[in-house]
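Structural characterization, general
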There are 2 protein chains.
Amino acid sequence: MSSTDTSHAGEILDRIQHHKGVRGVIVVNSDSMSVRSTLDNSATVQYIGMAKTLTTMSRSLVRDINPQDDLAILRVRTKKSEIIIAPERTADDREYQVIAIQDYE
Amino acid sequence: MSSTDTSHAGEILDRIQHHKGVRGVIVVNSDSMSVRSTLDNSATVQYIGMAKTLTTMSRSLVRDINPQDDLAILRVRTKKSEIIIAPERTADDREYQVIAIQDYE
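Reference entry: report on the structure contained in this document.

The rules behind these values
Residues numbered from 1 in each chain as written. Chains lettered and ligands numbered in written order. Predicted model: local features only at pLDDT ≥ 70, side-chain atom pairs only at ≥ 80, totals over all residues. Heavy atoms only, no water. Contact = heavy atoms within 4.5 Å. Buried area = accessible area lost by both parts, 1.4 Å probe. Polar contact = N/O pair within 3.5 Å; in protein donor to acceptor, adjacent residues only side chain to side chain. Helix = DSSP H or I, 4+ residues; strand = E, 2+ residues; numbered from the N terminus. Nonpolar A, V, L, I, M, F, W, Y, C, P; charged D, E, K, R; others polar. Pairing = 2+ DSSP bridges. Least-squares fit on C-alpha atoms with pLDDT ≥ 70 in both. Salt bridge = Lys/Arg side-chain N within 4 Å of Asp/Glu carboxyl O. Buried < 20%, exposed > 50% of the residue type's maximum accessible area, 1.4 Å probe, protein only. Axes fitted to C-alpha atoms, helices over the stretch in contact; angles between N-to-C directions.

1. A word on the interface of chain A and chain B
- Between chain A and chain B, the residue contacts involve 26 residues of the former and 26 residues of the latter.
- Between chain A and chain B, a total of about 2400 Å² is buried, with carbon and sulfur atoms accounting for 69% of that surface.
- On inspection of chain A and its partner chain B, the count reaches 15 residue pairs in polar contact (both at pLDDT 80 or more).
- Put simply, the parts of the chain that give the side of chain A that touches chain B at least two residues each are helix H2 (41-65) and strand S3 (71-78) of chain A.
- Sorting elements by how many residues they give to the side of chain A that touches chain B places H2 of chain A first, with 11 residues.
- Looking at the side of chain A that touches chain B, its residues break down into 12 nonpolar, seven polar and seven charged.
- Sheet topology places S3 of chain A next to strand S3 (residues 71-78) of chain B; seven bridges connect them, and they run antiparallel. Among the inter-strand pairings, Arg-77 of chain A is bridged to a residue of S3 of chain B, identified as Ile-73 of chain B.

2. Here we look at the relation of the copies chain A and chain B
- Here chain A sits on chain B after a turn of 180° about the axis and a move of 0.0 Å along it, with an RMSD of 0.0 Å. Here the transformation between the copies is reduced to the relation of a two-fold axis. Among all residues of chain A, the one whose C-alpha sits closest to the rotation axis is Arg-75 of chain A, at a distance of 2.5 Å.
- Interface overlap between copies is the fraction of interface residues in one copy that are interface residues in the other; for chain A against chain B it reaches 100%, indicating a shared surface.

3. Topic: unusual backbone geometry
- Even without being a glycine, Ser-32 of chain A presents a positive backbone phi close to 60°.
- Locating Ser-32 of chain A in the fold gives a position in the loop between strand S1 (22-28) and strand S2 (34-37).

4. Looking at the pattern of salt bridges
- Going through the model one piece at a time under the given rule, you end up with 16 salt bridges over all chains.
- We note a salt bridge from Glu-82 of chain A to Arg-77 of chain A, for which the minimum N-O separation is 3.3 Å.
- Take Glu-82 of chain A: its relative accessible area is 5%, and that puts it in the buried class.
- Notably, a salt bridge pairs Asp-93 of chain B with Arg-89 of chain B, separated by 3.0 Å at the nearest N-O pair. Comparing Asp-93 of chain B with Arg-89 of chain B, the two get one shared label, exposed.
- Members of the salt-bridge network, linked through shared partners, are Arg-59, Arg-63 and Asp-70 of chain A.

5. Quick word on the environment of Asp-70 of chain A
- When you line up the elements, Asp-70 of chain A lands in the loop between H2 and S3.
- For Asp-70 of chain A, a relative accessible area of 16% translates into the label buried.
- Not counting chain neighbours up to four residues away, the residues in contact with Asp-70 of chain A comprise Arg-59, Val-62 and Arg-63 of chain A together with Thr-78 and Lys-79 of chain B.
- Within the local environment of Asp-70 of chain A, its side chain forms a polar contact with the side chain of Arg-59 of chain A, the two groups lying 3.0 Å apart.
- Here the side chain of Asp-70 of chain A touches Arg-63 of chain A through a polar contact of 3.2 Å, side chain to side chain.

6. A word on the sheet that holds S2 of chain A
- Across the sheet, 10 strands lie side by side as S2(A)-S1(A)-S5(A)-S4(A)-S3(A)-S3(B)-S4(B)-S5(B)-S1(B)-S2(B); this open sheet has antiparallel pairing. Because the sheet does not close on itself, it has two edges, and the strands there are S2 of chain A together with strand S2 (34-37) of chain B. The mean angle between the axes of side-by-side strands here comes to 15°, regardless of whether they run parallel or antiparallel.
- By the bridge criterion, three bridges tie strand S1 (residues 22-28) of chain B to S2 of chain B in an arrangement that is antiparallel. Of the residues in S2 of chain B, the one forming a bridge with Ile-26 of chain B is Ser-37 of chain B.
- This element, helix H1 (residues 3-17) of chain B, spans S1, S2, strand S4 (81-89) and strand S5 (95-103) of chain B of the sheet and lies at about 155° to S1 of chain B.
- The sheet contacts of helix H2 (residues 41-65) of chain B involve S3 of chain A together with S1, S2, S3, S4 and S5 of chain B, and relative to S3 of chain B the element is tilted by about 125°.

7. What about the environment of Ile-101 of chain B?
All names here are of chain B.
- As for its position among the elements, Ile-101 is in strand S5.
- Judged by relative accessible area, Ile-101 falls into the buried class, the value being 0%.
- Contact partners of Ile-101, with chain neighbours within four places excluded, come to Gly-21, Val-22, Arg-23, Gly-24, Leu-39, Tyr-47, Ser-81, Glu-82 and Ile-83.

As structure tokens, this is what we get:
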């Protein structure tokens, strides 16, 4: 993991984690590895797995319907919280995935 | 398809289809059959298939993380539009799934 990765992830984390109700933020690099996470390891691994499965499936379904379109953001609202899975491209063109878990109970 | 199904679906459709940017609304019964749709048949079948696949996958992933939780609403934002997949329970306890496609270009 490069120091640039870690510093980018730190900026992303700082920006999101203090939003109201945010219970966790994970910054994932293009190898599906957690660069930074505010959750414990097992929860981090679970959410990364979920995000990867849903992103891959959604992207292919979106492209089935319109090959010129592409997936941007996935929001999974459950009874207890909302999981937001969004791509993040930095100024120096590095691509991350941000997973934010927001409770609203 | 019962007349009650069709009249429920009509109420749901009327409520949603006139929102700004809404390009299509599909009301699906618990057998994954379209009760009403404002889209043509092939698009209707495609979106129902997508919704069914994503809903099934998301529900199981959500329950993996927390067995007491359940999926509520899925929002798939793409470059061109947003696909909202939400359950709808009527006063007489019939359950439908509503798929709304909203463009924002």
